[in-house]
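Structure assessment
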There are 2 protein chains.
Amino acid sequence: MDARILIEVLQKNGHRVTKARSALLSILDKKHSPLSAMELQKLLERKGIIVNKTTIYREIDFLIAQNIIHSVALGDEATRYELSSRDHHHHIQCTSCGNVVDLPLNNELKEIEKQITRGTGYMIEKHALEFFGLCKNCQK
Amino acid sequence: MDARILIEVLQKNGHRVTKARSALLSILDKKHSPLSAMELQKLLERKGIIVNKTTIYREIDFLIAQNIIHSVALGDEATRYELSSRDHHHHIQCTSCGNVVDLPLNNELKEIEKQITRGTGYMIEKHALEFFGLCKNCQK
DNA sequence: CTAAGTGCAAATAATTTGCAGGAAG
DNA sequence: CTTCCTGCAAATTATTTGCACTTAG
């Protein structure tokens, strides 16, 4: 249970473990695709945990500050978030239904990043690689 | 002049060529990094062309519909736009000053896209690959 | 002329913030 | 208890839309 370990770490570091906080971690741990603030709120609701949207945003800020989650920008309405403890991966979003799926890829980009640093002097910290297309269902 | 050609095409297709429209095209043609709605408005202003922000957004919609520009999502405040007629490329944004630079890269992703299609059944239409890091200046 | 372009004010939508009350440790 | 968490309402920011007016062709 990734979520359990994260909760332990939070406790060890003197952070409070609220119902919403631990439920969010277990939701993020189970769902293998990035979730928006609204989606997180709804998934909490299904567990019987009703919180204000403000709380969701503050919880997101907190978890980002703890390096537990990070944002994923796909260019549509809302920012999504996912656990940072996952192996590095990318996403593909269906341009019709909007569904997002994780894509396990190897580090094809390491060499490219070195090239870029050589060419531009930038000290690269991270990258975002997202794919877009029609999922099987929407091809019909 | 890329902008000139685009203007001719618009005229040929029966679209009007307003001061703002042609100025936007020449601005986008010159600036080799994606621009936000607000930046576009300000750059027009510097040319003495004062337009409402609404006009900027409507012009962006129009140019996207004409396949002349497309959006670039970097995950911060605003969406940026750039000419589609440019060779396919990517960007790197400084995580400190926010500056965005174009990166000419070859099609390293073609093979990866084929893999993804084989593995997931998605019919891939496009991808977004952005890099983030510290620019030379901000490393000091 | 006449459809397309434009400004302005108001509407949305995502996210942020101030403040006062409530709960975790 | 005391700091952190939370709700609520109001503020902010990016973008959209309705309506009446203006202009390019």
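How each quantity is defined
- Residues numbered from 1 in each chain as written.
- Chains lettered and ligands numbered in written order.
- Predicted model: local features only at pLDDT ≥ 70, side-chain atom pairs only at ≥ 80, totals over all residues.
- Heavy atoms only, no water.
- Salt bridge = Lys/Arg side-chain N within 4 Å of Asp/Glu carboxyl O.
- Buried < 20%, exposed > 50% of the residue type's maximum accessible area, 1.4 Å probe, protein only.
- Least-squares fit on C-alpha atoms with pLDDT ≥ 70 in both.
- Contact = heavy atoms within 4.5 Å.
- Buried area = accessible area lost by both parts, 1.4 Å probe.
- Polar contact = N/O pair within 3.5 Å; in protein donor to acceptor, adjacent residues only side chain to side chain.
- Helix = DSSP H or I, 4+ residues; strand = E, 2+ residues; numbered from the N terminus.
- Nonpolar A, V, L, I, M, F, W, Y, C, P; charged D, E, K, R; others polar.
- Near = heavy atom within 4 Å.
- Domains from an automatic or database assignment.

Some remarks on the pattern of salt bridges
Residue and element names in this part refer to chain B. For the structure on display, the rule yields 8 salt bridges over all chains. Here arginine 118 makes a salt bridge to glutamate 111, at a shortest N to O gap of 3.5 Å. Judged by relative accessible area, arginine 118 falls into the exposed class, the value being 63%. Among the residues examined, glutamate 111 registers a relative accessible area of 41% and is labelled partly exposed.

Quick notes on the relation of the copies chain B and chain A
Each of the two chain copies can be brought onto the other by rotation about an axis and movement along it. Placing chain B over chain A gives an RMSD of 0.1 Å and needs a rotation angle of 180°, together with 0.0 Å of translation along the axis. When the rotation and shift are considered jointly, the pair of chain copies conforms to a two-fold rotation axis. Closest to the rotation axis within chain B is the C-alpha of leucine 129 of chain B, separated from it by 2.2 Å. Comparing interface residues between copies, 100% of those in chain B also lie at the interface in chain A; the contact surface is shared.

Brief notes about the interface of chain B and chain A
Each partner contributes residues to the interface: chain B has 33 residues there, and chain A has 33 residues. Buried surface at the junction of chain B and chain A, summed over both partners, amounts to about 2,900 Å²; 70% is from carbon and sulfur atoms. Ranking the residues of chain B by area buried against chain A places Tyr122, Phe131 and Phe132 of chain B at the top, with a combined share of 21%. For the interface between chain B and chain A, the tally reads 0 salt bridges. Remark: the boundary between chain B and chain A carries 12 residue pairs in polar contact (both at pLDDT 80 or more). It is strand S6 (residues 123-134) of chain B that contributes the most residues to the side of chain B that touches chain A, 12 residues altogether. Residue classes in the side of chain B that touches chain A are distributed as 18 nonpolar, 9 polar and 6 charged.

A closer look at the protein's contact with DNA strand C
What surrounds DNA strand C is a group of 17 residues, the closest being Tyr57 of chain A together with Arg16, Arg21, Thr55 and Arg58 of chain B. Of everything in DNA strand C that lies within 4 Å of the protein, sugar and phosphate atoms constitute 57%. Within the side chain of threonine 79 of chain A, one N or O atom sits 3.2 Å away from a phosphate oxygen of DNA strand C. The contact in question runs from a phosphate oxygen of DNA strand C to an N or O atom on the side chain of arginine 21 of chain B, over 2.6 Å. Looking at the surface near DNA strand C, the elements with two or more residues in it are helix H4 (53-65) of chain A together with helix H4 (53-65) of chain B.

Quick look at the domain arrangement of chain A
All names here are of chain A. Parsing chain A into structural domains produces domain 1 (1-86) and domain 2 (87-140). Measuring from the centre of the C-alpha atoms in domain 1 to the corresponding centre in domain 2 gives 22 Å. Contacts between the two partners involve 11 residues from domain 1, matched on the other side by 9 residues from domain 2. Carbon and sulfur atoms supply 53% of the area buried between domain 1 and domain 2, which totals about 780 Å² over both sides. At the junction of domain 1 and domain 2, the tally comes to 4 residue pairs in polar contact (both at pLDDT 80 or more). The residue inventory of the side of domain 1 that touches domain 2, partitioned by class, reads 4 nonpolar, 3 polar and 4 charged.

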